[in-house]
Amino acid sequence: MRTVTGPQLAALIGDRSDAGGPAYARVAAAIRLLVLDGRLPLETRLPGERELAAALGVSRTTVTAAYDELRGGGYAVSRRGSGTRTALPPSRANGSAGGATGPTWTPWAADGSDLLDLAHAAPEAPADVRRAYDAALEQLPRHLPGSGYHLFGLPELRTAVADRLTARGLPTLPEQVLVTSGAQHAFTLVLQLVTGPGDRVLVEQPTYPNALDAIGRHGATAVPVPLADDGWDLAAVAAAVRQTAPRLAYLMPDFHNPTGLLAADAERRELGAVLTRSRTLTVVDETLVELALDGPVPPPLATYLPDDLTVTVGSASKTLWGGLRIGWARAGTALIRRLAAVRASVEMGSPVVEQLAVAELIRGLDATLPPRRAELRTRRDALVAALAERLPSWRARVPAGGLVLWCDLGAPVSSRLVVAAERHGIRLAAGPRFGVDGAFERRLRLPYTHPVDVLGSAVDTLEQAFRTVTADGPAAADTVDAVA
Ligand SMILES: Cc1ncc(COP(=O)(O)O)c(C=O)c1O
């Protein structure tokens, strides 16, 4: 069972002296918020009353009353012998559609309706994609006399991916690359290779919903490690590795989806040290790494990890276009061979034309990306400005890259807002989609993948929808089931 010590919880609670109300209510409210935001994962054993009282510098009676309040609201349960654990009231817990046991996350309107899609963060293709297809078709005749089966990927694409990783500081041979049908496919191959029922997979909290879904479908259990507001809580990662001995870790250090966080070099070194020491097999999802909007593309986290314990997963989907359906896994050659063997039991390779096109595109990335990044920067800044004007109570860190803002709505109304927005013609993904066990009801992920004018009118509409959910008061937020 996960535990949090008195000093750790006191640090998470922080200074509550400026909040109103009696001391016990302030402590209870702070813990409730930590649970809702996912920074205190569900089923975490809270410190004993005496220990927390000492760490907070309050009386034991205050903590007793705070725990009573949390139990009364459904945010904690106590069982004889196992102390007090964090929980969610039933209406919220049942709505955890993004959790590992929830249904598949499908952000598109299944009914084919023309809702504006702000649930899905994927920009349109740059013009170079069309040109790369033309070039690929010209090269195709060279390949037609062969079988067309390339279980590991076309040699020229494996080389292009290896060269790009090498140029970013991670020496890579073509033999260390397996071409896949996207990053998600690469991750599921790793899950299939190493995880079985009951295994634990360490994930950041929040994280990418389809990764949670894949973990659940393999019978494994996601172990969430909360991200801090400004980065990775390295002590929490180390504690989770120690306490849960995960079979696998799944990390996104580069413009993390959905927070947009970028791990600093010192954080990378420390993450690498913790995972290497514990010999934890790690999947590093680099899907968004090339979309650095304010600085250079960061070097791979894998430079701090051993090749036999690291699978770096990449994709053409966001850098270029999702319709290419091409991604890759990079690891030591033995691990790549084992992943390819797993793949062969499901499908036998990726389409040749798309691989030729992506090889061409990767070789030309340094010309393709600057205008794409500039356009995304303009869209990001336009969305930030529109939110500041129309929804000034929302808060969001401006990410240095990636495709999304992770907005704090100031109240736990995310699921209600999703329902209201749909009535106004906008499809959103509620905050709880991104957390284990239904956390993040105060959060909303907003992509800046649409043109500036579309984003502007979307924010106008969101403001109207938000008014309808906040007009009823915060108690009306308990309608999570409506979007499950
Ligand atoms: C972090 C992350 N990983 C993986 C994927 C899936 O990528 P692909 O289309 O390559 O399977 C996405 C797409 O949204 C993503 O954001």
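Just so it is clear, the structure is predicted and the values come from calculations on it, not from any experiment.

(A) Broad picture of the overall build of the protein chain. For the protein chain, the count of helices and strands is 16 helices and 13 strands. C-alpha atoms of the protein chain, sized along the principal axes, occupy 80 × 50 × 40 Å. Split into buried and exposed, the 484 residues of the protein chain put 56% on the buried side. Put simply, of all contacts in the protein chain between residues at least 6 apart along the chain, 76% involve residues at least 24 apart. Carbon and sulfur atoms provide 54% of the accessible area of the protein chain, an area that totals close to 19100 Å². Between the averaged position of the 50 positive side-chain charges in the protein chain and that of its 51 negative side-chain charges there is a distance of 5 Å.

(B) View of the side chain of Asp-254. Looking at the element boundaries, Asp-254 is found in the loop between strand S7 (248-251) and helix H11 (265-277). Asp-254 sits in the buried class, given a relative accessible area of 2%. A polar atom in the side chain of Asp-254 sits 2.7 Å from the side chain of Arg-268. Residue contacts for Asp-254: discarding those within four places in its chain leaves Leu-261, Leu-262, Arg-268, Glu-286, Leu-288, Val-289 and Pro-298.

(C) Geometry of the domain arrangement of the protein chain. Split by domain assignment, the protein chain resolves into domain 1 (6-87), domain 2 (116-121 + 367-483) and domain 3 (127-363). Here domain 1 and domain 2 have C-alpha centroids that lie 30 Å from each other.

(D) A look at the nonpolar core. In terms of nonpolar packing, the biggest core is built from 67 residues, with Leu-157, Leu-387, Trp-394, Leu-428 and Leu-446 touching the most fellow members. The dominant element in this core, judged by the number of residues it contributes, is helix H13 (residues 352-363), at 8 residues. Composition of this core by domain shows at least three residues from each of domain 2 (116-121 + 367-483) and domain 3 (127-363). Not counting residues up to four positions away in its chain, the partners in contact with Leu-157 are Val-179, Ile-326, Gln-355, Val-358, Ala-359 and Ile-362. By size, the runner-up hydrophobic cluster in this structure holds 32 residues, among which are Ala-183, Val-190, Ala-214 and Ile-336.

(E) The arrangement of the site of the ligand in detail. Lining the immediate surroundings of the ligand are 13 residues, of which Ala-183, Asp-285, Ser-315, Ser-317 and Lys-318 lie closest. Within the backbone of Ala-183, one N or O atom sits 2.7 Å away from an oxygen atom of the ligand. Within the side chain of Asp-285, a nitrogen or oxygen atom sits 2.6 Å from a nitrogen atom of the ligand. Expressed as a share of its isolated accessible area of 400 Å², the protein-covered part of the ligand is 92%.

(F) Geometry of empty space enclosed by the protein. One pass over the structure, following the stated rule, counts 5 cavities of 30 Å³ or more. The space that makes up the largest cavity amounts to roughly 170 Å³. Taken together, 16 residues form the lining of the largest cavity, with Arg-164, Val-289, Glu-290, Ser-315 and Trp-328 sitting closest to its centre. Of the pockets and cavities examined, the second largest cavity occupies roughly 60 Å³. Here the residues of the lining of the second largest cavity are counted per class, giving 5 nonpolar, 5 polar and 2 charged. Three or more residues apiece are contributed to the lining of the second largest cavity by two domains, here domain 2 (116-121 + 367-483) and domain 3 (127-363).

(G) Geometry of unusual backbone geometry. Residue Gln-205 is joined to Pro-206 through a cis peptide bond whose omega torsion reads 5°. With respect to the helices and strands, the residue Pro-206 is situated in the loop between strand S5 (200-205) and helix H9 (209-217). Of note, Phe-255 is a non-glycine position whose phi angle comes to about 55°, a positive value. Examined against the element boundaries, Phe-255 turns out to sit in the loop between S7 and H11. Exposure remark for Phe-255: the relative accessible area of 2% places this residue in the buried category. The backbone phi angle of Phe-440 is positive, close to 70°, even though this residue is not glycine. Mapped onto the elements of the fold, Phe-440 is located in the loop between strand S12 (426-427) and strand S13 (443-447).

(H) Focus on H13. An ideal rise of 1.5 Å per residue puts 16 Å on 12 residues; H13 measures up with 17 Å between its terminal C-alpha atoms. Within H13, 10 of the 12 residues are buried, leaving the element largely enclosed by the surrounding structure. Among the residues of H13, Val-352, Val-353, Glu-354, Gln-355, Leu-356, Ala-357, Val-358, Ala-359, Leu-361 and Ile-362 are the ones counted as buried. Residues of H13 that are buried sit in contact with helix H6 (127-143), helix H7 (155-167), strand S4 (177-180), strand S10 (327-330) and helix H14 (365-390).

(I) Inspection of the pattern of salt bridges at higher detail. Inspection of the entire model under this criterion finds 26 salt bridges. Between Arg-427 and Glu-422 there is a salt bridge, with its nearest N and O atoms 2.2 Å apart. Since its relative accessible area comes to 14%, Arg-427 is described here as buried. Between Arg-467 and Glu-463 there is a salt bridge, with the nearest N and O atoms lying 3.3 Å from each other.

(J) Spotlight on the packing of aromatic side chains. Under the defined criterion, the tally for this structure stands at 4 aromatic pairs. Centre to centre, the rings of Trp-406 and Phe-434 are 5.6 Å apart; their planes meet at 75°, and the pair counts as edge-to-face. Taken together, the positions of Trp-406 in strand S11 (residues 404-408) and Phe-434 in the loop between S12 and S13 put the pair 28 residues apart, joining distant regions of the chain. Each member of the pair Trp-406 and Phe-434 is classed as buried. For the pair Trp-406 and Phe-440, a centre-to-centre distance of 5.5 Å together with 65° between the ring planes defines the contact as edge-to-face.

The rules behind each value
- Residues numbered from 1 in each chain as written.
- Predicted model: local features only at pLDDT ≥ 70, side-chain atom pairs only at ≥ 80, totals over all residues.
- Heavy atoms only, no water.
- Helix = DSSP H or I, 4+ residues; strand = E, 2+ residues; numbered from the N terminus.
- Buried < 20%, exposed > 50% of the residue type's maximum accessible area, 1.4 Å probe, protein only.
- Contact = heavy atoms within 4.5 Å.
- Areas by Shrake-Rupley, 256 points an atom, 1.4 Å probe, with all protein chains shown as cover.
- Lys, Arg positive; Asp, Glu negative; His and termini not counted.
- Charge placed at Lys NZ, Arg CZ, Asp CG, Glu CD.
- Polar contact = N/O pair within 3.5 Å; in protein donor to acceptor, adjacent residues only side chain to side chain.
- Domains from an automatic or database assignment.
- Core = buried A, V, L, I, M, F, W, Y, C linked by side-chain atoms within 4.5 Å.
- Near = heavy atom within 4 Å.
- 1 Å grid on protein atoms, 1.4 Å probe; cavity = no way out; pocket = protein on both sides within 12 Å on 5 of 7 lines; lining within 4 Å.
- Points joined across faces, edges and corners; volume = space filled by probe spheres on them.
- Nonpolar A, V, L, I, M, F, W, Y, C, P; charged D, E, K, R; others polar.
- Expected span 1.5 Å × (residues − 1).
- Salt bridge = Lys/Arg side-chain N within 4 Å of Asp/Glu carboxyl O.
- Phe/Tyr/Trp six-rings, centres within 6.5 Å; stacked < 30°, edge-to-face > 60°.

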